[in-house]
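# Working through the structure, step by step
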Amino acid sequence: MREKNDYCVIGLGRFGYEVASKLNDAGKNVMVIDKDNEKIEKASKIFDVAFKCDATDINSLVEVGVQNSRTVIVGVTSIEESIMVCANLREIGIKDIIAKANNPIHKRVLKTMGIARIVIPDIEVANRVAIQALFNIGIDIYAVSEGFSWIKGVVNNEDIINKPLEKLDFKIKYDATVIMIQRQGKIIFPPAKDSVFLLGDVVTIMCRNEKIKSIVNILNVEDIEEK
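Since the structure is predicted, the reported quantities are computational estimates derived from the model, not experimental observations.

Rules used in this analysis
Residues numbered from 1 in each chain as written. Predicted model: local features only at pLDDT ≥ 70, side-chain atom pairs only at ≥ 80, totals over all residues. Heavy atoms only, no water. Core = buried A, V, L, I, M, F, W, Y, C linked by side-chain atoms within 4.5 Å. Buried < 20%, exposed > 50% of the residue type's maximum accessible area, 1.4 Å probe, protein only. Helix = DSSP H or I, 4+ residues; strand = E, 2+ residues; numbered from the N terminus. Contact = heavy atoms within 4.5 Å. Polar contact = N/O pair within 3.5 Å; in protein donor to acceptor, adjacent residues only side chain to side chain. Pairing = 2+ DSSP bridges. Right-handed = clockwise from strand over helix to strand, strands pointing away. Axes fitted to C-alpha atoms, helices over the stretch in contact; angles between N-to-C directions.

## Remarks on the nonpolar core
If you look at the biggest cluster of nonpolar residues, it comprises 23 residues, and the most contacted ones within it are Ile10, Ile33, Leu61, Val72, Val74 and Leu89. Among the elements of the structure, strand 1 (5-10), strand 2 (30-34), helix 3 (58-64), strand 4 (69-74), helix 4 (79-92) and strand 5 (96-100) are those that each provide at least two residues to this core. The dominant element in this core, judged by the number of residues it contributes, is helix 4, at three residues. Apart from the residues within four sequence positions on either side, valine 72 is in contact with Cys8, Ile10, Val66, Leu89, Ile94, Asp96, Ile97 and Ile98. Listed in part, the 22 residues of the second largest apolar core include Ile139, Ile160, Ile161 and Ala176.

## Overview of the environment of arginine 108
By the element assignment, arginine 108 lies in helix 5 (residues 104-112). The exposure class assigned to arginine 108 is exposed, which follows from its relative accessible area of 53%. Between the C-alpha atoms of arginine 108 and isoleucine 118, which are 10 residues apart in sequence, the distance is 9.4 Å.

## Details of helix 5
Its side-chain oxygen 3.2 Å from the backbone nitrogen of isoleucine 105, asparagine 103 forms the N-cap of helix 5. One or two residues past the end of helix 5 sits glycine 114, with phi positive at roughly 95°.

## Section: the pairing of strand 5
For strand 5, the buried fraction is high: four of the five residues fall into the buried class. Examined bridge by bridge, strand 4 and strand 5 share four bridges and lie parallel to one another. Paired with valine 74 across the bridge in strand 5 is alanine 99. Viewed along the sheet, the connection from strand 4 through helix 4 into strand 5 turns out right-handed. Alignment of strand 5 against strand 6 (residues 117-119), held across three bridges, turns out to be parallel. In the strand pairing of strand 6, lysine 100 is matched with valine 119. What joins strand 5 to strand 6 is helix 5, and the crossover it makes is right-handed.

## A closer look at the sheet that holds strand 4
The six strands lie next to each other as 3-2-1-4-5-6, forming an open sheet whose pairing is parallel. Edge positions in the sheet fall to strand 3 (49-52) and strand 6, since each of these pairs with one other strand and no more. Direction aside, the axes of adjacent strands within the sheet are offset by 15° on average. As paired strands, strand 1 and strand 4 are joined by five bridges and run parallel to one another. Its bridge partner being in strand 4, isoleucine 10 is matched across the sheet by valine 74.

## Here we look at the side chain of serine 82
Mapped onto the elements, serine 82 comes out in helix 4. Residue contacts for serine 82: discarding those within four places in its chain leaves Val74, Val76, Lys100, His106 and Leu110.

## Things to note about the pairing of strand 2
Most of strand 2 sits out of view: five of its five residues are buried. Neither face of strand 2 is exposed, since Val30, Val32 and Asp34 on one face and Met31 and Ile33 on the opposite face are all buried. The pairing of strand 1 with strand 2 spans four bridges and is parallel. Paired with cysteine 8 across the two strands is methionine 31, which belongs to strand 2.

This is how it looks when you write it as structure tokens:
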């Protein structure tokens, strides 16, 4: 029986390769699969487990041990092959599947197959750029669902430092929730009612889209810095 992997990434196009690399950098056990010999040869120098495999063939998937992975990410570019691969994974019994879709129709088909987590990278990036343009701000903004986003920015407003979150009352005043505070390499998650902001903290906040400008103003965000 093959060793269990935290993740398996099928399809080493730009999307699949970037996802696999991020997981690998985070210290996770990652198996990568692609039918292209050149891509696998390159990947074998980076990832511990890399297989040349036609993922549209269910027997080949079982042979390389994909069933031992906790989560499988499907980054296959071809819509037809993507559907076949996802069908194989469902038949094998993989419960946690994340699939890349090329367009809303592709996403709809995958949903009817029972794939719960589907991403359309181009649309998600477009939504992010649109929100940034709409509010004329250059901070990190990610759409979570229709009408909601989370923003990540640096605290540089002295008026809100050293005050408990309970008194700042983001929920009532801005219909927002402070999700996380990053401070000098440490993470405060979830922040408590008596947690405070300090200058230079990187904060992540969930809010309605119409409140983004208000949140930016209260944080006095000028730029994003990674802590």
